[in-house]
Amino acid sequence: MVDRKWKIFSQRSNRKDMKAIKATFRGGIHPPAFKYLTQNKPIKNASLPSRVVIPLSQHIGAPAQPIVQIGNKVRAGTKIGAAAGKVSANVHSSISGQVKDIKNFFHPAEGKSLSIIIESDGKDEKEFLKIGENADLFSTDEIKEIIASAGIVGLGGAGFPTAVKLSPPKKVEYFILNAAECEPYLTTDNRLILEKTEEIIKGMKLAMKVLGVKKGYIGIEDNKKDAIKRLSHFQSLEIEIKVLKAKYPQGGERELIEAILKRRVPPKGLPYEVGVVVNNVATIFAIYEAVYLRKPLYERITTFSGDALRQAENLRVRIGTPLKELTKECKGFKETPSGVIMGGPMMGLAQQSLEVPLVKGTSGVLFLKHSRWARRKNEMKEENPCLHCGKCVEACPVDLNPSLISLATQKQKWNVAKELNVDNCIECGACEYICPAERRLMDMIKEGKKVTGFKPQAAGKKKKNFKQDQELKLLS
Ligand code: SF4
Ligand code: SF4
């Protein structure tokens with residue numbers, strides 16, 4: 001129940017406060033949002049797939065180990081892969097039917113990976129988690145165990161096992177619900193807030209209970225007015241809404257923490273080091289469903305959008321459904337897409353086949369005609385020389401010099417790239433997006449991270465005015 005006093009206070013002051021307070025972070029860009037394509041589309045159930053391909057690796061950490069054999073009968077929610085280590089996650093069947101094969105198959109991020117292929121029996125029988133009935137009485141350890149049993153991982157795309165994230169090595173002060181959804185096109189979190197507000201608040205309170213924190217923030221961008229209005233009914237002394245300036249990558253954990261709490265997560269550090277744990281809306285909703293509805297993570301909400309689709313949608317889809325089947329839910333293509341991107345256009349992954357299955361971290365799938373994003377993800381273009389305009393430096397949210405780093409990696413000066421802190425890059429793509437010379441900065445920066453990460457070299461003593469010195473050397 002909403003605190004009555006707070007409700008009266010917030011009704012009077014919310015509108016004014018929300019207009020006035022628009023926190024943000026340093027750097028960032030303003031790409032066109034394209035959210036109008038799906039933001040008013042209610043969540044629709046996708047048809048039951050006839051076959052699913054469920055990868056055992058859908059999370060950061062060790063892939064799950066298969067615990068079924070070919071020929072076994074399963075139901076939606078049957079555990080088919082067991083977490084293999086501390087940082088790993090269970091995997092469940094998303095339909096009822098029979099295990100047909102266990103083999104390497106297309107994977108959206110790994111090329112191919114070991115997957116369990118299940119054919120539907122059309123019955124859609126369910127298997128629920130075996131837990132107690134009264135969710136409000138669960139202890140923090142019990143909630144964590146349920147989250148782990150349900151195979152919940154970060155559904156914003158990171159895929160970090162949530163039970164591990166909610167067990168930080170030291171006590172934290174705050175929980176932040178990441179409702180920023182700053183990637184263009186994506187509207188799943190926005191729809192969830194509009195359609196499942198109460199459930200999300202309950203999920204958030206579960207996360208806060210597990211962490212033992214008394215204060216939670218909801219970070220949401222100012223372009224989601226309806227969602228802000230819905231959430232404001234649930235604002236209390238315990239849960240505060242922070243309206244943020246719409247800017248990419250506002251939904252990055254570091255950027256969100258900086259905008260809301262003015263704390264900077266150290267490079268290569270984690271949010272708990274500054275006293276915070278962050279989860280996104282879809283993850284919190286999955287926690288609610290596991291704890292209150294005993295439901296393992298076998299389906300999720302995903303935005304299907306882009307100008308090549310006949311009809312953009314927000315769909316509730318069974319994990320493991322091949323993209324090909326899902327495009328039928330959107331009435332197919334207006335035109336053959338020149339780019340298919342899983343995730344948002346900024347950080348998503350280009351896909352080469354529509355056979356690839358939807359996985360836990362798939363917040364969106366974009367089918368693009370000839371947009372800049374489709375080109376960037378698909379074409380290896382000739383490099384244009386750097387104009388030294390400095391726009392990439394201005395845009396970088398972690399204070400890097402992408403121009404210099406890219407020049408260093410191009411010339412294979414790995415020590416220089418390391419000195420320029422290439423490994424602090426969060427791969428947000430803001431620098432590449434803003435670059436007027438259309439340089440493929442991300443490829444060069446990723447290469448630098450890979451090489452310097454695998455082969456740490458003595459970077460030498462840091463000189464005074466290092467950047468200027470190197471700039472002269474690199475540009476000569
Ligand atoms: S250098 Fe990395 S962190 Fe900085 S803008 Fe480019 S991709 Fe983002
Ligand atoms: S934005 Fe592009 S052209 Fe401008 S300094 Fe950076 S790399 Fe060079």
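Residue indices follow the written sequence of each chain, beginning from 1 at its first position. Chains carry letters and ligands carry numbers; both start at the beginning, A for chains and 1 for ligands, and go up in the order they are written. Side-chain atom pairs in this predicted model are given and counted only at pLDDT of 80 or more, local residue features only at pLDDT of at least 70, and totals for whole chains, interfaces and linings cover all residues. Excluding hydrogens and water, the side-chain values take into account all heavy atoms of the structure.

Regarding the pairing of strand β15 (residues 339–342)
Side-chain alternation along β15 places Gly339 and Ile341 on one buried face and Val340 and Met342 on a second face that is also buried. Strand pairing is defined by DSSP finding a minimum of two bridges between the two strands. Where helices and strands are cited, they refer to DSSP runs of H or I of at least four residues and of E of at least two residues respectively, numbered from the N terminus. Sheet topology note: the β15/strand β17 (residues 364–368) ladder contains four bridges and is antiparallel. Bridging from a neighbouring strand, isoleucine 341 pairs with leucine 366 of β17. With two bridges joining them, β15 and strand β16 (residues 349–350) adopt antiparallel strand pairing. The residue of β16 that forms the bridge with methionine 342 is leucine 349. Joining the antiparallel neighbours β15 and β16 is a turn of six residues, in which glycine 343 adopts a positive phi near 105 degrees. To sort residues, take the accessible area from a 1.4 Å probe on protein chains only and compare it with the maximum for the residue type: under 20% means buried, over 50% means exposed, and anything in between is partly exposed.

Topic: helix α2 (residues 140–149)
Looking only at α2, the buried set comprises Ile143, Ile146 and Ile147. Projected down its long axis, α2 carries its buried residues within an arc of 100 degrees, all on one side. Exposed residues lying more than 90 degrees from the buried face of α2 are Asp141 and Glu145. Buried positions along α2 lie against α3 (162–165), α5 (197–211) and α8 (281–293). Taken from the residues just after α2, glycine 151 is the one with a positive phi, measuring 70 degrees. The directions considered for the arc are those from the helix axis to the C-beta atoms. Pairs of residues are marked as contacts when any of their non-hydrogen atoms sit within 4.5 Å.

Quick look at the packing of aromatic side chains
Any two rings among Phe, Tyr and Trp, with Trp reduced to its six-membered ring, count as a pair given centres within 6.5 Å; such a pair is stacked if its planes are under 30 degrees apart, edge-to-face if over 60, and tilted if neither. Tallied over the entire structure, the rule returns seven aromatic pairs. Seen from their ring centres, phenylalanine 285 and tyrosine 288 are 6.2 Å apart, and the 20 degrees between their planes marks the pair as stacked. Highlighted residues: phenylalanine 285 and tyrosine 288, both in helix α8, separated by three residues, approximately one helical turn. In terms of burial, phenylalanine 285 and tyrosine 288 fall into one category: buried. Ring centres of phenylalanine 333 and phenylalanine 367 lie 5.3 Å apart, and the angle between their planes is 50 degrees; on these two criteria the pair is classed as tilted. With phenylalanine 333 in the loop between α9 (323–329) and β15 and phenylalanine 367 in strand β17, the pair connects residues that are 34 residues apart, well separated along the chain. The class for phenylalanine 367 is buried, based on a relative accessible area of 0%. For the cation-ring pair, lysine 112 lies above phenylalanine 106, with the distance from its terminal atom to the ring centre recorded as 5.2 Å. The rule is short: NZ of Lys or CZ of Arg within 6 Å of the ring centre and within 35 degrees of the ring normal puts a charge over the ring.

Section: the packing of helix α4 (residues 188–195) against α8
Axis lines are fitted through C-alpha atoms, for helices just across the contact stretch, and the angle between N-to-C directions can take any value from 0 to 180 degrees. Contact pair α4 / α8: the axes reach a minimum separation of 9 Å and the direction vectors enclose 45 degrees. Taken together, the axes of α4 and α8 are oblique relative to one another. Here α4 contributes Asp189, Leu192 and Ile193 to the contact with α8, which in turn contributes Val281, Ala282 and Phe285. Here the term charged refers only to Asp, Glu, Lys and Arg, the term nonpolar to Ala, Val, Leu, Ile, Met, Phe, Trp, Tyr, Cys and Pro, and the term polar to all other amino acids, Gly among them. Its residues assigned to classes, the contact of α4 with α8 shows five nonpolar, no polar and one charged. Convention used here: angles under 35 degrees read as roughly parallel, angles over 145 as roughly antiparallel, angles from 65 to 115 as roughly perpendicular, and any remaining angle as oblique.

Brief notes about unusual backbone geometry
The linkage connecting tyrosine 248 with the following residue, proline 249, adopts the cis geometry, with an omega of 0 degrees. Tracing the sequence through the fold places proline 249 in the loop between β11 (239–244) and α7 (253–261). One non-glycine residue with positive phi stands out, namely tyrosine 185, at about 75 degrees. Tracing the backbone through its elements, the reader meets tyrosine 185 in the loop between β9 (174–178) and α4.

Notes on the sheet that holds β9
The four strands lie next to each other as β11-β10-β9-β12, forming an open sheet whose pairing is parallel. If you trace the sheet from one side to the other, it starts and ends with β11 and β12 (276–280), each paired once. Taking each pair of neighbouring strands and ignoring which way they run, the sheet shows an average axis angle of 25 degrees. Examined bridge by bridge, β9 and β12 share five bridges and lie parallel to one another.

Points about the packing of α4 against helix α6 (residues 225–232)
α6 packs onto α4 with a crossing angle of 40 degrees between their chain directions and a minimal axis gap of 9 Å. In terms of orientation, α4 and α6 fall into the oblique class. In this structure, the crossing between α4 and α6 has a hand that is left-handed. Contacts between α4 and α6 involve Asn190, Ile193 and Leu194 from the first element and Asp226, Ala227, Arg230 and Leu231 from the second. The sense of a crossing depends on the near helix, which, turned anticlockwise from the far helix by less than a right angle, makes the crossing left-handed and, turned clockwise, makes it right-handed.

Structural notes on the pattern of salt bridges
Think of a salt bridge as a Lys or Arg side-chain nitrogen and an Asp or Glu carboxyl oxygen that are within 4 Å of each other. For the structure on display, the rule yields 24 salt bridges. Note that glutamate 289 is salt-bridged to lysine 295, the shortest N-O span being 3.3 Å. With a relative accessible area of 12%, glutamate 289 lands in the buried category. Judged by its relative accessible area of 11%, lysine 295 is buried. Bridged by salt links that share partners, the residues Asp124, Lys126, Glu289, Lys295, Glu299 and Arg318 form one connected network.

Observations concerning the nonpolar core
Within this scheme, the nonpolar core is defined by two criteria: the residues are buried Ala, Val, Leu, Ile, Met, Phe, Trp, Tyr or Cys, and they are joined through side-chain atoms within 4.5 Å. Residues Phe175 and Phe304 are the most contacted members of the largest nonpolar core, which totals 66 residues. Sorting elements by how many residues they give to this core places α8 first, with nine residues. When residues are assigned to domains, this core turns out to be shared by domain 1 (4–30 + 131–293) and domain 3 (301–378), each giving three or more. For phenylalanine 304, the contacting residues outside a window of four places in its chain are Thr38, Leu309, Ala312, Glu313, Leu315, Val317, Leu326, Cys330, Leu358, Val365 and Phe367. If you look at the next biggest cluster of nonpolar residues, it comprises 19 residues, including Cys392, Cys396, Val416 and Leu420. Annotation comment: domain bounds sourced from an automatic or database domain assignment.

Quick word on the sheet that holds strand β13 (residues 299–305)
The mixed open sheet is built from six strands, whose spatial order is β1-β14-β13-β17-β15-β16. Both outer strands of the open sheet, β1 (44–45) and β16, are each paired with one neighbouring strand and no more. In the packing of α4 onto the sheet, the strands contacted are β13 and β14 (313–318), and the crossing angle to β13 comes to about 120 degrees.

Overview of the confidence of the model for the protein
Confidence per residue, as judged by the predictor, is encoded in pLDDT with a range of 0 to 100. Summing up the model confidence of the protein, the mean pLDDT is 89 and the portion of residues at 70 or higher is 88%. In the predicted structure, residues 1–20 sits below a pLDDT of 50 and forms 17 contacts with residues beyond four places in sequence or in another chain. With pLDDT under 50 throughout, residues 454–476 is counted as low confidence; its partners more than four residues away or in other chains account for 30 contacts.

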